[in-house]
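# Survey of secondary and tertiary structure
Spelled out from the first residue to the last, the chains are:
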Amino acid sequence: MTVLDTRHATVSPPRRGITPRRGGGGGAAGYLFVAGYTILLLAFGVFPTGYAFYLALTNDKGQFTGINQFVKVAQDYRFVPAFTNILVYLVMWLVILVVLTVLVAVVLRSRMRPGLSALFRFLYYIPGALAGVASVLVWLFMLDPDVSPASWLLNSLGFHSFAAVLAPGNLSVIFVLIAFWTGAGGWIVVMYGALNNIPDEVLEAARMDGAGPWKTAWHIQIPMIRQWIAYMTILAFAAGTQLFVEPQLLQTASLGRVSPTWSPNQLAYVFAFQQGDFNGAAAISVFLLALGLICAGLLVARSNLFTLDEK
């Protein structure tokens, strides 16, 4: 009988004096390990979501109103512009994020020496260490032609004042630049790690078959990390729908040139803390939740994100 032929093999009984380990011995430790996360998930995820649904389906007196709160906020004149702004931003942000992060990761993995690749990955990751508020302040400085070190570039593009830079048509591009500068570096590191999981034998076979670097990337590397790409897209989409700090700070710094309800999160803030309408704010949050769940479900279904590889 060979090593691989185990059809007629039998399991030998344990030797005398040795007690076999029970399969459920580590169950208590496992439950204890996840207990902290479960408590935080319930406290800051499940319960607030349930309370938001309760507020969205009732009025300020606690009376059940069905979908009236959703209809009310959807008919608000600021609702459609806010969701249109965020959708335009998301399309631009996700396309640029997926294309450039995967491209840079492939180049770092395939075309650079390991030492130089590690240096570039470190440099890409540095902006992600900045908090959201700090990154916006950096970009406020960079986007002001009067003080920016890149004022020559802004002037050449026709932006001679801070007000011209913050024109409504430019805001989506500005927020994409801020988001990419702060968030893309971390995802480049993640994609690089995913590419490292591809067996060298697969890449060597591709080279022996005559595939160049770009064909190898397109036909082998990218398809083999599609689940990681889907994972990145889902998280980036969820973060993008919650855009609040960047437009809020720009609105304050520009002395009102940016709309205070540019994003749905800002609109929900205005409903809750300026109009005192917490039920309407909860309805907007439920709209955002539904949007995120639908898009995440489509990505999971198309990418087989939770499908286990057969051994």
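Higher on the page you've got the structure.
Here the structure is a predicted model, which means the values were calculated and not measured.

The rules behind these values
- Residues numbered from 1 in each chain as written.
- Predicted model: local features only at pLDDT ≥ 70, side-chain atom pairs only at ≥ 80, totals over all residues.
- Heavy atoms only, no water.
- Core = buried A, V, L, I, M, F, W, Y, C linked by side-chain atoms within 4.5 Å.
- Buried < 20%, exposed > 50% of the residue type's maximum accessible area, 1.4 Å probe, protein only.
- Helix = DSSP H or I, 4+ residues; strand = E, 2+ residues; numbered from the N terminus.
- Contact = heavy atoms within 4.5 Å.
- Phe/Tyr/Trp six-rings, centres within 6.5 Å; stacked < 30°, edge-to-face > 60°.
- Lys NZ or Arg CZ within 6 Å of the ring centre and 35° of its normal.

Another aspect to go through is the nonpolar core. In this structure, Tyr-89, Trp-93 and Phe-175 are the most contacted members of the largest nonpolar core, which totals 41 residues. Of all elements in the fold, only helix 3 (79-110), helix 5 (132-142), helix 7 (162-165), helix 8 (171-196), helix 9 (200-208), helix 10 (213-224) and helix 11 (226-241) reach the threshold of two or more residues within this core. For this core, the leading source of residues is helix 8, giving eleven residues. Counting 17 residues, the second largest nonpolar core, distinct from the first, contains Phe-70, Ala-268, Ala-281 and Leu-288.

All right, on to the environment of Val-136 then. Mapped onto the secondary structure, Val-136 falls in helix 5. Distance in space between the C-alpha atoms of Val-136 and Glu-246 is 6.1 Å, their sequence separation being 110 residues. Excluding anything up to four places from it in sequence, Val-136 contacts Val-245, Glu-246 and Leu-249.

Our next topic: the packing of aromatic side chains. Going through the model one piece at a time under the given rule, you end up with twelve aromatic pairs. With a centroid separation of 6.2 Å and 90° between ring planes, the pair formed by Trp-228 and Tyr-231 is classed as edge-to-face. Pair noted here: Trp-228 and Tyr-231 are both in helix 11, with a separation of three residues, about one helical turn. Overall, the relative accessible area of 38% leaves Trp-228 in the partly exposed class. Classification of Tyr-231 as partly exposed rests on a relative accessible area of 37%. Plain terms: the ring middles of Phe-273 and Phe-278 are 5.8 Å apart, the flat faces sit at 85° to each other, and that makes the pair edge-to-face. Among the aromatic side chains, those forming a connected cluster through ring pairs are Phe-70, Phe-79, Phe-83 and Phe-287. The residue whose ring lies beneath Arg-121 is Tyr-192, and the NZ or CZ to ring-centre distance is 3.9 Å.

By themselves, these are just geometric observations and shouldn't be taken as functional.
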